[in-house]
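Fold and geometry: a report
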Amino acid sequence: MKKISLCFVVLFMCSILAFAQDKAKTEPYPSWEIGVSLGVTNFTGSTNIAKGKSYEHFNNYKSDLDFGYGMFIRRNFTSVFAFEGAYNGTTLTGSPKTSNLTGKPFKTGINELGLNTVWNMNNLFSRNKFDRKIYWYTKLGVGWTHVNNIEYTNPTAGMPWRELTIPIGTGVAFRLSDNVRLNVGTQWSWVNSNRLDGDNQGGTGTDYLIAQIREQYLYTHVGLSFIFGRKVVPPAPVVVVVPEPKPEPKPEPKPEPVPVPPQPPVIIYVQPAVVGNVYTILFGLNFGFDKSNLDGKSSSELDRLVRDLIENPTVDVEIGAHADSRGTAIYNMKLTERRGQSVLDYLVGKGIDASRIKITAYGETKLTNRCSDGVKCSAAEHAANRRAEATIVVWKKN
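Residues numbered from 1 in each chain as written. Predicted model: local features only at pLDDT ≥ 70, side-chain atom pairs only at ≥ 80, totals over all residues. Heavy atoms only, no water.

With 18 residues, the main nonpolar core has Leu 302, Ile 319, Val 343, Leu 347 and Ile 357 as its most contacted residues. Judged by nonpolar contacts, the second largest core, of nine residues, contains Phe 43, Ile 110, Val 191 and Tyr 217. (Core = buried A, V, L, I, M, F, W, Y, C linked by side-chain atoms within 4.5 Å. Buried < 20%, exposed > 50% of the residue type's maximum accessible area, 1.4 Å probe, protein only.)

Written as structure tokens, this is what we have:
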């Protein structure tokens, strides 16, 4: 029992690390995965499920730690759910706990085939679904076990060699690269047999009692798995364009004025500034990490822009939304779309016509500093790239 408790303590600590991690740099999608594992097995005892026994658990044998091995092929359907076919093999050994038992040391060959559902518990309980660097998983399935009593006390003639099995497992997976994972886990197998310890506890002629004994063993393992078909292609910047307003009716012809050479635009960059009749204004606000909502300070700055747009109804505004380099290019592009939409919704909600607003999502393609992928930067340096910029151009009068 101490061995089992230690396994679960280690897995529990790993699961805490899994929930505390940052988001990974790739998004999950359906894929195939194959893996192998090596570990130790041990017989964990018998359970009497006969009426009136209240699932009494007992173990008359000292079980050894034996070598075990396994392999699986898995289909990852979503970031939460996968389905796998698995094989585990081992030889269980042990000896009677006391000398007054009639049993003798046992040696039982085990070959288990299982069909299991696999659940990513971090993504199951999290609002955001990611291919995480570390995650906690659980297994539940059904299978069949070939029980081969090599050394035994009471042979059981006529019993089937294929036994129904319920495998229950848990573990922690560590993503070593985009295609390779390290898996640390344990599996508890409930076998519809009373022969794993080499002893027919029911004896001859007591088939009813024999049928009420179920035995279990534990497989604790470490393994590697390989994922096929993982490709992440950074997309081109996505431009969201608000439909142009309907053309106004043509005015009646008027005498043409004396042509005057056009004056070039006068561009002044202010951060932030008030819209006037002469300037091009660069107005900026920043977002929190992985956030697209507007805080109180951002709303206050946007209120100034709303006032200026209301006072100048003949000008339009272009909003450029940006992100820092943390996270994938795909995710950051979608994040900046949401940031641009937040600014658009706010301005429209304050009475600005949507036809005067153009939104462009740049993702992480226009950083203001050196903080690209792989460059270590401070939180303040990353924050400078999480921004939305509004540009307004007004031509200078003669």
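On to the pairing of strand E14 (residues 357-361), then. Every other side chain in a regular strand lies on the same face of the sheet, so the side chains alternate between the two faces. The element E14 is extensively covered by neighbouring structure, given that four of its five residues are classed as buried. Bridging between strand E13 (residues 317-321) and E14 involves five bridges; their strand directions are parallel. What sits directly across from Ile 319, in E14, is Ile 359. (Helix = DSSP H or I, 4+ residues; strand = E, 2+ residues; numbered from the N terminus. Pairing = 2+ DSSP bridges.)

Let us look at the confidence of the model for the chain. On average, residues of the chain carry a pLDDT of 77, and 73% of them reach 70 or more. Scored below 50 in pLDDT, residues 22-26 shows 15 contacts in the model against residues more than four places distant or in partner chains. (pLDDT = per-residue confidence, 0-100. Contact = heavy atoms within 4.5 Å.)

With that settled, the discussion passes to the pattern of salt bridges. All chains considered together, the criterion is met by nine salt bridges. Linking Arg 181 and Glu 33 is a salt bridge whose minimum nitrogen-to-oxygen distance equals 3.3 Å. Of this pair, Arg 181 sits in strand E9 (residues 180-191) while Glu 33 sits in strand E1 (residues 31-48), placing them 148 residues apart in sequence. Judged by its relative accessible area of 7%, Arg 181 is buried. The class for Glu 33 is buried, based on a relative accessible area of 0%. Between Arg 370 and Glu 381 there is a salt bridge, with its nearest N and O atoms 3.5 Å apart. Taken as a pair, Arg 370 in the loop between E14 and helix H6 (379-383) and Glu 381 in helix H6 lie far apart in primary sequence, 11 residues in all. Residue Glu 381 is classed as partly exposed on the basis of its relative accessible area, which comes to 26%. (Salt bridge = Lys/Arg side-chain N within 4 Å of Asp/Glu carboxyl O.)

The next point concerns helix H5 (residues 329-349). The terminal C-alpha atoms of H5, which comprises 21 residues, lie 30 Å apart, in line with the 30 Å expected from a rise of 1.5 Å per residue. All buried positions along H5 are accounted for by Tyr 331, Asn 332, Met 333, Leu 335, Thr 336, Arg 339, Gly 340, Ser 342, Val 343, Leu 344, Tyr 346 and Leu 347. Positive backbone phi, at 100°, marks Gly 351, one or two positions downstream of H5. (Expected span 1.5 Å × (residues − 1).)

To continue, consider a positive patch on the surface. Taken together, the side chains of Arg 127, Lys 291, Lys 334 and Arg 338 define a basic patch exposed on the protein surface. Residue position: Arg 127 is located in the loop between helix H2 (121-125) and strand E7 (134-151). Judged by relative accessible area, Arg 127 falls into the exposed class, the value being 72%. (Patch = residues over 30% accessible without salt bridge, like charges linked within 9 Å, V, L, I, M, F, W, Y side chains within 5 Å. Areas by Shrake-Rupley, 256 points an atom, 1.4 Å probe, with all protein chains shown as cover. Lys, Arg positive; Asp, Glu negative; His and termini not counted. Charge placed at Lys NZ, Arg CZ, Asp CG, Glu CD.)

With respect to the helices and strands, Ala 384 occurs in the loop between H6 and strand E15 (387-392). On the basis of relative accessible area, Ala 384 is assigned to the partly exposed category, the value being 32%. Considering only alpha carbons, one finds Ala 384 and Phe 287, 97 residues apart in sequence, at a separation of 9.1 Å. The residues contacting Ala 384, other than those within four sequence positions of it, are Asn 286, Thr 368 and Asn 369.

Mapped onto the elements of the fold, Glu 56 is located in strand E2 (residues 56-58). The exposure class of Glu 56 is partly exposed, given its relative accessible area of 40%. The spacing of Glu 56 and Ser 46 is 10 residues in sequence and 8.3 Å in space, taken between C-alpha atoms. Setting aside anything within four residues of it in sequence, one finds Glu 56 in contact with Ser 46, Thr 47 and Asn 48.

Our next topic: the packing of aromatic side chains. Counting across every chain of the model gives nine aromatic pairs. Both rings, one in Tyr 69 and one in Tyr 87, keep their centres 6.1 Å apart while their planes meet at 50°; by these two values the pair is tilted. A residue pair is termed long-range when its members are at least 10 positions apart, and Tyr 69 in strand E4 (residues 66-76) and Tyr 87 in strand E5 (residues 81-96) qualify at 18 residues. Residue classification places Tyr 69 among the partly exposed residues on the basis of a relative accessible area of 32%. Following the ring pairs from residue to residue traces out a cluster consisting of Phe 43, Tyr 61 and Phe 106. Between Arg 74 and the ring centre of Phe 72, over which it is positioned, the NZ or CZ distance is 4.3 Å. Seen from the ring of Phe 72, Lys 139 lies directly overhead, with NZ or CZ sitting 5.7 Å from the centre. (Phe/Tyr/Trp six-rings, centres within 6.5 Å; stacked < 30°, edge-to-face > 60°. Lys NZ or Arg CZ within 6 Å of the ring centre and 35° of its normal.)

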